[in-house]
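What follows is each chain in one-letter form.
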Amino acid sequence: CKMPKKIQKKIEKKQKLTKTEEQIMRGLREIEADMQLEKADRAAWMMQFKEDYELAEEEAVKEEMESKLKSSYVGEEEDGEQQEIIIPKKRKPGRPTKEEAAARAAAAAEAGTAMEKPIKRKPGRPKKVVEEPLPEEDSVVKKKKPGRPKKSEKEKAERAAAKAAEKAAEKAA
């Protein structure tokens, strides 16, 4: 495959190539390598892909393996085996777990503080309603179509007459 002249000149002058030019060069090299292969082998790489559901399965397996690695063994039980404790995922700072939030609410209810009822969000701003005057029954309202307005019959006739006059003048000359 031929290298574009612009890229050849840059290489000869030892100038830095842009990302696009580098990608073009890499693509041309891959094409040359594919051309040396048999036709049956050229398109084989196109079938080496994974569907979305296959990728999702792999991610689920990876997450499961990571969670097993994060768990730690602590102490010994009576039968000599270690007890497994799973370390929970990290939470954002200041965000209590559901259990902690429930415990706080229960403690507040016992103490009789104001946290007995959950705090509700304020309602959002209402949408502005723009009222358009309704057209009267007698008046006819034509809805304008988008785009360039069409020419009237009179304008079309005038333009056709002008073109005919120009052609007649050219023939006469």
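Computed from a predicted structure; not experimentally measured.

Let's talk about the overall build of the protein
Okay, step 1: Each helix and strand in the protein was counted, giving six helices and two strands.
Okay, step 2: Moving toward the C terminus, one meets the helices and strands of the protein in the order α-α-α-α-β-β-α-α.
Okay, step 3: Per-residue burial over the protein gives 5% buried out of 173 residues.
Okay, step 4: Residue pairs in contact within the protein that sit at least 24 positions apart in sequence constitute 13% of those at least 6 positions apart.
Okay, step 5: A total accessible area of about 18500 Å² is found for the protein, and carbon and sulfur atoms account for 55% of it.

Structural notes on the pattern of salt bridges
Okay, step 1: If you walk through the whole model with that rule in mind, you get two salt bridges.
Okay, step 2: A salt bridge links K6 to E21; the shortest N-O distance between them is 4.0 Å. Taken together, the residues K6 in helix α1 (residues 5–12) and E21 in helix α2 (residues 19–36) connect sequence positions 15 residues apart.
Okay, step 3: What makes K6 exposed here is its relative accessible area of 57%.
Okay, step 4: K10 is paired through a salt bridge with E21; the nearest N and O atoms lie 3.1 Å apart. One end of the pair, K10, is in helix α1; the other, E21, is in helix α2, and 11 residues separate them in sequence.
Okay, step 5: We classify K10 as buried; its relative accessible area is 17%.
Okay, step 6: Overlapping salt bridges, with partners in common, bring together K6, K10 and E21 in one network.

Digging into unusual backbone geometry
Okay, step 1: Phi is positive for K14, close to 60 degrees, though the residue is something other than glycine.
Okay, step 2: Residue placement: K14 occurs in the loop between α1 and α2.

Description of the confidence of the model for the protein
Okay, step 1: On average, residues of the protein score 76 in pLDDT, and 71% of them reach the 70 mark or higher.
Okay, step 2: At the level of individual helices and strands, the protein shows its lowest average pLDDT in strand β1 (residues 72–76), which scores 51, and its highest in α1, which scores 93.

Some words on α2
Okay, step 1: In a regular helix each residue adds 1.5 Å, so 18 residues correspond to 26 Å; α2 covers 26 Å between its end C-alpha atoms and thus fits that length.
Okay, step 2: Looking only at α2, the buried set comprises E21, M25 and L28. Axial view of α2: buried residues confined to an arc of 60 degrees, hence all on one face. Away from its buried face by more than 90 degrees, α2 exposes K19, T20 and Q23.
Okay, step 3: In the core, the buried residues of α2 are packed alongside α1.

Describing the side chain of K10
Okay, step 1: Here the side chain of K10 touches E21 through a polar contact of 3.1 Å, side chain to side chain.
Okay, step 2: The contact partners of K10, leaving out residues within four places of it in the chain, are Q15, K16, L17, T18 and E21.

Thresholds applied
- Along each chain, numbering runs from 1 in the same order as the chain's sequence is written.
- Totals for whole chains, interfaces and linings use every residue, but because this is a predicted model, local features are given only for residues with pLDDT of at least 70 and side-chain atom pairs only at 80 or more, for both listing and counting.
- Excluding hydrogens and water, the side-chain figures rest on all heavy atoms present in the structure.
- Helix and strand definitions follow DSSP, with helices as H or I runs of at least four residues and strands as E runs of at least two, each counted in order from the N terminus.
- To sort residues, take the accessible area from a 1.4 Å probe on protein chains only and compare it with the maximum for the residue type: under 20% means buried, over 50% means exposed, and anything in between is partly exposed.
- Contact criterion: two residues are considered in contact whenever any of their non-hydrogen atoms come within 4.5 Å of each other.
- Using a 1.4 Å probe, the Shrake-Rupley method yields the accessible areas, and only the shown protein chains count as cover for residues.
- For salt bridges, the criterion is a side-chain nitrogen of Lys or Arg within 4 Å of an Asp or Glu carboxyl oxygen.
- By definition, pLDDT measures how confident the predictor is in each residue, and it falls between 0 and 100.
- What a helix should span is 1.5 Å times the count of its residues minus one.
- Picture the helix axis, draw a direction to every C-beta atom, and the arc is the one those directions span.
- Polar contact criterion, stated in full: a pair of N or O atoms within 3.5 Å, where within protein one must be able to donate a hydrogen and the other to accept it, and residues adjacent in sequence count only if both atoms are side-chain atoms.

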